[in-house]
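# Notes for the structure review
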Amino acid sequence: MTDKPQFVGKKVTIGELGKTQSGGTPSSKHPEFFNGSIPWIGTTALNGKFLGKNDAVKLITEEAVAKSATKIVPEKSIMVGIRVGVGKVAINAVPMCTSQDIVSIVGIDEASWNKEYISLALQYKAPLLAAQAQGATIAGITSKTLKAIEIPAIPINEQNRVVDILRKLENQVGFVRKQLCGLDALVKSRFVAQQQIEKLQMLYDSLAQEYFGD
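A few points on the structure. Keep in mind it's a predicted model, so treat the numbers as computed, not measured.

With that settled, consider the overall build of the protein chain. Secondary structure assignment for the protein chain yields seven helices and 11 strands. Expressed as lengths along the three principal axes of its C-alpha atoms, the size of the protein chain is roughly 55 × 50 × 35 Å. Counting only residues that meet the buried cut, the protein chain has 44% of its 214 residues in that class. Partitioning the contacts of the protein chain with sequence separation of at least 6, the portion at a separation of at least 24 is 72%. Element-wise, carbon and sulfur atoms account for 54% of the exposed surface of the protein chain, whose accessible area totals about 11400 Å². Across the protein chain, the centroid of the 25 positively charged side chains sits 4 Å from that of the 20 negatively charged ones.

Turning our attention to unusual backbone geometry. Even without being a glycine, Lys76 presents a positive backbone phi close to 65 degrees. Position of Lys76 among the secondary structure elements: in the loop between strand E6 (72-73) and strand E7 (78-81). Not every positive phi belongs to a glycine, and Val84 is a case in point at roughly 50 degrees. Positionally, Val84 belongs in the loop between E7 and strand E8 (89-92).

For the rest of this paragraph, the subject is the environment of Gln123. Structurally, the position occupied by Gln123 is in helix H3 (residues 115-124). Relative accessible area serves as the criterion here: at 27%, Gln123 is assigned to the partly exposed category. With 105 residues separating them in the primary sequence, Gln123 and Gly18 have C-alpha atoms 18 Å apart. Excluding residues that lie within four positions of it along the chain, Gln123 makes contacts with Gly48 and Val89. Only 3.1 Å separates the side chain of Gln123 from the backbone oxygen of Gly48, close enough to count as a polar contact.

Here we come to the side chain of Ser104. Structurally, the position occupied by Ser104 is in strand E10 (residues 102-106). When sequence neighbours within four positions are dropped, the list of residues in contact with Ser104 reads Lys19, Thr20, Gln21, Val73, Ile78, Met79 and Thr98.

A few words on the nonpolar core. With 41 residues, the main nonpolar core has Ile118 and Leu122 as its most contacted residues. With sequence-adjacent residues up to four places away left out, Leu122 is seen in contact with Ile14, Ile78, Val80, Gly87, Val89, Ile105, Leu146 and Ile149.

This paragraph deals with the sheet that holds strand E4 (residues 50-51). In spatial order, the strands read E2-E10-E7-E8-E4; together these five strands make up an open sheet with mixed pairing. Each of the sheet's edge strands pairs with one partner strand only, and the pair in question is strand E2 (19-22) and E4. The pairing of E7 with E10 spans four bridges and is antiparallel. Of the residues in E10, the one forming a bridge with Met79 is Ser104. Across the sheet, H3 lies against E4, E7, E8 and E10, angled at about 160 degrees from E8, the strand it touches most.

Glancing now at the sheet that holds strand E3 (residues 34-41). The sheet built from four strands is open, its strands ordered E5-E3-E9-E6 with mixed pairing. For this open sheet the edge positions go to strand E5 (58-60) and E6, each flanked by a neighbour on one side alone. Direction of pairing for E3 relative to E5: antiparallel, over a ladder of four bridges. Residue Pro39 lies in a different strand from E5, and its bridge partner there is Leu59.

Before going further, it helps to examine the environment of Leu46. Among the structural elements, Leu46 can be located in the loop between E3 and E4. With 103 residues separating them along the chain, Leu46 and Ile149 place their C-alpha atoms 19 Å apart. With residues up to four places along the chain from it excluded, the contact list for Leu46 reads Ile41, Leu51, Met79, Val80, Gly81, Lys88, Val89, Ala90 and Ile102.

The next subject is the pattern of salt bridges. This structure, assessed with the given rule, holds seven salt bridges. Asp164 is the salt-bridge partner of Lys168, the closest N and O atoms lying 3.3 Å from each other. Taken as a pair, Lys168 and Asp164 lie in helix H6 (residues 156-182) at a separation of four residues, close to a single helical turn. Salt bridges sharing partners connect three or more residues here, namely Glu116, Arg167 and Glu170.

About the cut-offs
- Residues numbered from 1 in each chain as written.
- Predicted model: local features only at pLDDT ≥ 70, side-chain atom pairs only at ≥ 80, totals over all residues.
- Heavy atoms only, no water.
- Helix = DSSP H or I, 4+ residues; strand = E, 2+ residues; numbered from the N terminus.
- Buried < 20%, exposed > 50% of the residue type's maximum accessible area, 1.4 Å probe, protein only.
- Contact = heavy atoms within 4.5 Å.
- Areas by Shrake-Rupley, 256 points an atom, 1.4 Å probe, with all protein chains shown as cover.
- Lys, Arg positive; Asp, Glu negative; His and termini not counted.
- Charge placed at Lys NZ, Arg CZ, Asp CG, Glu CD.
- Polar contact = N/O pair within 3.5 Å; in protein donor to acceptor, adjacent residues only side chain to side chain.
- Core = buried A, V, L, I, M, F, W, Y, C linked by side-chain atoms within 4.5 Å.
- Pairing = 2+ DSSP bridges.
- Axes fitted to C-alpha atoms, helices over the stretch in contact; angles between N-to-C directions.
- Salt bridge = Lys/Arg side-chain N within 4 Å of Asp/Glu carboxyl O.

Encoded structure:
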């Protein structure tokens, strides 16, 4: 691809981008904590894109927030799995709460940072995070490990271009996958579609390596 975003070599840590906020799980022993209006999610909901109220695993009450470890995460924060799905990422489109398996990055300066750029960078770093997971029963990472992850610091207009390029490739892969599901049993047709998916995925991986790799 031509006219690629320009990288100047400077990097910042996730910890420098904003504050981290942990989550918690309201006790099921208190029915008054549930059937409320506040979305609550676990790592299974983290989809690499945006989460809305319909993505909630449960809807909890204000009392649940007041009397448990869970906290309301401001909208457009970045949520990262630190246990049971280490490295999974999403951005909340509405205020919501999370389990203790998620750490949220809040207070990011939107004038300097495109949240999707950060999210894509973290998705690229997911294998690195997973490799650092520890634990006898449930492996996970600490918020300290997450905050130490570095991503390239580039002007926001360049970040926007990175997001545009990678999201377009993601959409192309998704479109071809849908086509593949709709194809009949003709081996040749399915083979051609699968080849196209693989080529697009290789291009995506190559660009992600160029944009976010060390």
